[in-house]
Amino acid sequence: QVHLVEAGGGLVQPGGSLRLSCTASGSISSISAMGWYRQAPGKEREVVARITTDGTTNYADSVKGRFTISMDNAKKMVYLQMTDLNPEDTATYLCSSETTAQRMGVYYPIFDWGQGTHVTVSS
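Residues numbered from 1 in each chain as written. Predicted model: local features only at pLDDT ≥ 70, side-chain atom pairs only at ≥ 80, totals over all residues. Heavy atoms only, no water.

As for the side chain of E98
Link 1 in the chain: Position of E98 among the secondary structure elements: in strand β9 (residues 91-103).
Link 2 in the chain: The exposure class of E98 is buried, given its relative accessible area of 7%.
Link 3 in the chain: At a separation of 2.7 Å, a polar atom in the side chain of E98 contacts the side chain of R50.
Link 4 in the chain: Discounting residues that sit within four places of it in the chain, E98 has contacts with S30, I31, S32, A33, R50, I110 and F111. (Helix = DSSP H or I, 4+ residues; strand = E, 2+ residues; numbered from the N terminus. Buried < 20%, exposed > 50% of the residue type's maximum accessible area, 1.4 Å probe, protein only. Polar contact = N/O pair within 3.5 Å; in protein donor to acceptor, adjacent residues only side chain to side chain. Contact = heavy atoms within 4.5 Å.)

Re the packing of aromatic side chains
Link 1 in the chain: Counted according to the given criterion, the structure contains two aromatic pairs.
Link 2 in the chain: A centroid spacing of 4.8 Å and a plane angle of 70° characterise the contact between Y37 and W113, whose relative ring orientation is edge-to-face. Taken together, the residues span a long stretch of sequence, with Y37 in strand β4 (residues 31-39) and W113 in strand β10 (residues 106-113) at a distance of 76 residues.
Link 3 in the chain: Judged by its relative accessible area of 34%, W113 is partly exposed.
Link 4 in the chain: With centroids separated by 6.3 Å and ring planes inclined at 20°, the aromatic side chains of F111 and W113 adopt a geometry described as stacked.
Link 5 in the chain: Pairwise contacts between aromatic rings join Y37, F111 and W113 into one cluster.
Link 6 in the chain: Sitting over the face of the ring of Y79, R19 holds its NZ or CZ atom 4.0 Å from the ring centroid.
Link 7 in the chain: Here the basic side chain of R45 rests over the ring of W113, its NZ or CZ set 4.7 Å away from the ring centre. (Phe/Tyr/Trp six-rings, centres within 6.5 Å; stacked < 30°, edge-to-face > 60°. Lys NZ or Arg CZ within 6 Å of the ring centre and 35° of its normal.)

Some words on the sheet that holds strand β3 (residues 18-26)
Link 1 in the chain: Spatially, four strands are ordered β1-β3-β8-β7 in an open sheet, and the strand pairing comes out antiparallel. Edge positions in the open sheet fall to β1 (2-7) and β7 (67-71), since each of these has one partner strand only. Adjacent strand axes in the sheet meet at a mean angle of 15°, parallel and antiparallel pairs treated alike.
Link 2 in the chain: The pairing of β7 with strand β8 (residues 77-82) spans five bridges and is antiparallel. Following the sheet pairing, S70 is matched in β8 by Y79. (Pairing = 2+ DSSP bridges. Axes fitted to C-alpha atoms, helices over the stretch in contact; angles between N-to-C directions.)

Examining the nonpolar core
Link 1 in the chain: Within the largest apolar cluster, 29 residues are counted, with the highest numbers of intra-cluster contacts made by M34, W36, V78, L80, M82 and Y93.
Link 2 in the chain: For this core, the secondary-structure elements that each account for two or more residues are β1, β3, β4, β5 (46-52), β7, β8, β9 and β11 (117-121).
Link 3 in the chain: Examining the composition of this core, we find that four residues originate from one element, β3, more than from any other.
Link 4 in the chain: Aside from chain neighbours lying at most four places away, what touches M82 is G16, S17, L18, L20, R66, F67, Y93 and V119. (Core = buried A, V, L, I, M, F, W, Y, C linked by side-chain atoms within 4.5 Å.)

Structural notes on the environment of P87
Link 1 in the chain: Structurally, P87 can be placed in the loop between β8 and β9.
Link 2 in the chain: Dropping the residues within four chain positions of it, P87 is found in contact with P14 and V121.

Brief notes about the pairing of β3
Link 1 in the chain: Across six bridges, the pairing between β1 and β3 is antiparallel. For V5, the partnering residue across the bridge sits in β3 and is T23.
Link 2 in the chain: Looking at chain direction, β3 and β8 are connected through six bridges and run antiparallel. The residue of β8 that forms the bridge with L20 is L80.

What follows is the structure in structure tokens.
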């Protein structure tokens with residue numbers, strides 16, 4: 001229902017910065033929140049940052065103060081500004097969107113995902 005495409009990944013040195021972008025298309029008017037997740041080899045996928053349509057943001061403890069999530073007013077794009085990167089940030093970063101569905105009178109979230117962009121932090 002929502003199509004997401006990430007961009008901006010690459011190779012950076014420790015202490016460097018990257019800005020990831022995610023472009024949404026499809027049923028963007030139904031989006032209630034968007035977020036960034038990451039998954040490193042051998043590790044489980046974890047939420048990095050999330051932003052709701054009312055502007056509320058949440059961050060993983062490991063990235064607080066270093067990463068900033070933002071979203072444009074039309075909810076067509078979401079960004080992740082990453083600073084002071086370290087090797088532990090190396091992962092595939094995926095963009096997500098959240099919409100609300102209803103079945104049998106019960107509301108529940110639906111997540112759509114991009115294919116991911118690779119971030120490697122190494123000297």
